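# Observations on chain architecture
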Amino acid sequence: MHDERLSDEELELFVQYLHRFAHHDVDISVRMEAGDPEHPVHVLFGRDYPPIGEASDYRRPFAERRPSTSTADIDDGG
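Conventions and cut-offs
- Throughout, a residue's number is its position along its own chain's written sequence, starting from 1.
- Two thresholds apply to this predicted model, a pLDDT of at least 70 for residue-level local features and 80 or more for giving and counting side-chain atom pairs, whereas whole-chain, interface and lining totals are computed over all residues.
- Calculated side-chain values reflect all of the structure's heavy atoms, with hydrogen atoms and water omitted.
- Numbering of helices and strands starts at the N terminus; helices are DSSP runs of H or I of at least 4 residues and strands are runs of E of at least 2.
- By definition in these notes, contact holds between two residues if any of their heavy atoms fall within 4.5 Å.
- By convention, a stacked pair of Phe, Tyr or Trp rings (six-membered ring in the case of Trp) has centres within 6.5 Å and planes under 30 degrees apart, an edge-to-face pair has planes over 60 apart, and any other such pair is tilted.

Let us look at the overall build of the chain. The helix and strand tally for the chain stands at 1 helix and 2 strands. Reading the chain from its N terminus to its C terminus gives the helix and strand order α-β-β. Sequence separation of at least 24 residues holds for 36% of the intrachain contacts in the chain that already meet a minimum separation of 6.

Using the criterion set out here, one finds 1 aromatic pair in the structure. With 5.6 Å between their ring centres and 70° between their planes, F21 and F45 make a pair best called edge-to-face. You can see F21 sitting in helix α1 (residues 8-24) and its partner F45 sitting in strand β2 (residues 41-46), a full 24 residues away along the chain.

So this is what it looks like as structure tokens:
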């Protein structure tokens, strides 16, 4: 089950859920560990920290598919 990459459809669904999570559940910060316990991935979601590096280095997945707006919709996939 976890030994293969996400399909394009799975990745898009993951990003939609991530967007909803960030919109509704991340007040200040959330720290998580995921993946293989032998080689975990550590993730920090936060609103109170500036991005590491330049903000322009961060991309918004699937942004090319939606019209440009000033506010994000929770169902837009990004």
